[in-house]
Amino acid sequence: MKKSLLIVSHALELGGAERSLIGLLDILDPSQWEIELFLLRHEGELLGAIPAHVKLLSQIPAYTVLARPMKDTVKEGHLLLSAARLFGKAAAKRYAKKNAHTDSGVFLEYSHKYTYSLMPAIQKEKNYDLAISFLTPHYIVANKVQAKKKLAWIHTDYRQIQVNVESEEKMWAAYDHIVSISEAVTQGFVKVFPTLKNKIVLIENILPERLIRCEAEEVIRDMPRVSDEKILLSVGRFCRAKNFDNIPQICANLLRLGMNVKWYLIGFGADEALIRQRISEAGMQEHVIVLGKKSNPYPYIKACDLYVQPSRYEGKCVTVREAQLLGKPVIITDYATSSSQLENGEDGLIVPMDNEDCAAGIADLLYDPARMVRLIQVCKKRDYSNSEEAQKFQMFV
């Protein structure tokens, strides 16, 4: 008999967590699972990638209030929910100021914490065998879904973000199990929330290999190749964690080391203006090219010479695994969880985060084509899809 499963997430915009969700949906066996997906908003370029065996539940207007301009939600008549969001934002601002937070995660948490009680239940008539809250904050599945077992996912390194520990601890504690995507992410989480250690299970990101390999064959024309030029690529949200604002200076250092490179950036986010400003300040307009949001990043990954992830911190970066799956040499910076991301010197390289040292590490690899070939050969031999991780879901029911 099939087990019933509900997965709740925000939307399906372009992001590593969202692509890993598609990978999870793709690999779950429809002969064993009756799978339903509830999204707070039916938005994002990956909506079309939802597998046919997954039932996308209808959008509930109240849940769309959480990530849209309040002037719009007020016009639509969501007065009480908008007021609750405003109250949560004020409370988050007070908490962040009191605790001297400079990049606080409490704003997102509080937006859900102060509104979930006003939301309707999701599929009130059903009691699922398993319910998954795929992206934090995790108040909705905990309070608005009936299920025999509930899981919440960790996607980031909690040592690197500022949160209200007491508040979040209560949120996570409502779940039967907490899923971590890597051992390093587990260590960071347990350091912040030691009382939750026994709830954690490891399930690594599952990549939609079929989708990736198929979409990588698309023809692109906006990343032209010059014969003696090396093409570097970075993909991710334009936010502090990804550190794309330092790419122009790293690229300038590469040029000083004699490298002829062009570095393309795919993504979107709040830091785009900052990144473009840094490009101008470094005089890198001809060498650092912002391509912006791309619904299909895979042909760009396939076409580049080197994939670079210069992050300040990560949980486990999905785009790095995608690049390895496509047989690309990869360089990442030495963020706290980097050793869990790849095998340094075997299927990629870890370089210092300092701009000059980062550039030196990139240049050393680009000057050594034999080493580039060895990295590619190792990547092509390994399975980065993590499809076997789907078997772990049997332990929960």
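What you see is a predicted model, and the numbers here were worked out from it, not measured in a lab. (Residues numbered from 1 in each chain as written. Predicted model: local features only at pLDDT ≥ 70, side-chain atom pairs only at ≥ 80, totals over all residues. Heavy atoms only, no water.)

K.L.:
Quick rundown of the overall build of the protein chain? Include the residues and the values.
P.N.:
Per the secondary structure count, the protein chain includes 14 helices and 13 strands. For 397 residues, the compact-globule estimate of 2.2 N^0.38 gives 21 Å, and the C-alpha radius of gyration of the protein chain, at 21 Å, lies within 12% of that figure. Overall size of the protein chain, expressed as C-alpha extent along the three principal axes, is 65 × 50 × 40 Å. Sorting the 397 residues of the protein chain into buried and exposed places 56% on the buried side. (Helix = DSSP H or I, 4+ residues; strand = E, 2+ residues; numbered from the N terminus. Rg over C-alpha atoms; globule rule 2.2 N^0.38 Å. Buried < 20%, exposed > 50% of the residue type's maximum accessible area, 1.4 Å probe, protein only.)

K.L.:
Help me get a handle on the sheet that holds strand β7 (residues 200-202), residues and values and all.
P.N.:
Read from one edge of the open sheet, seven strands run β3-β2-β1-β4-β5-β6-β7, paired in parallel fashion. Only two strands of the sheet have a single neighbouring strand rather than two, namely β3 (54-56) and β7. Between one strand axis and the next, the sheet turns through 25° on average, direction left out of account. Sheet analysis places strand β5 (residues 147-154) next to strand β6 (residues 177-180), joined by four bridges and oriented parallel. (Pairing = 2+ DSSP bridges. Axes fitted to C-alpha atoms, helices over the stretch in contact; angles between N-to-C directions.)

K.L.:
Please provide a residue-by-residue account of the sheet that holds strand β9 (residues 261-266), values included.
P.N.:
By way of backbone hydrogen bonds, the strands of a sheet pair with one another, either parallel or antiparallel. The six strands are arranged β10-β9-β8-β11-β12-β13 in an open sheet whose pairing can be described as parallel. Every interior strand has two partners, whereas the edge strands, β10 (288-292) and β13 (349-351), have only one. The sheet shows a mean angle of 25° between the axes of neighbouring strands, taken without regard to direction. As judged from the three bridges shared by strand β11 (residues 306-309) and strand β12 (residues 330-333), these two strands associate in the parallel manner. Bridge pairing in β12 links Gln309 to Ile332.

K.L.:
Could you give an account of empty space enclosed by the protein, with specific residues and numbers?
P.N.:
Evaluation of the coordinates by the stated rule reveals two cavities of 30 Å³ or more. Approximately 70 Å³ is the volume attributed to the largest cavity. Looking at the largest cavity, the residues that line it are Ser20, Leu24, Phe134, Trp153, Ile181, Ile203, Glu204, Asn205, Ile206 and Phe393. Looking at the lining of the largest cavity residue by residue, the class counts come to seven nonpolar, two polar and one charged. Taken as a whole, the second largest cavity spans an internal volume of roughly 40 Å³. Lining the second largest cavity we find Val8, Ser9, His10, Leu40, His112, Ser133, Leu135, Pro137 and Ile140. Grouping the amino acids of the lining of the second largest cavity by side-chain chemistry returns five nonpolar, four polar and no charged. (1 Å grid on protein atoms, 1.4 Å probe; cavity = no way out; pocket = protein on both sides within 12 Å on 5 of 7 lines; lining within 4 Å. Points joined across faces, edges and corners; volume = space filled by probe spheres on them. Nonpolar A, V, L, I, M, F, W, Y, C, P; charged D, E, K, R; others polar.)

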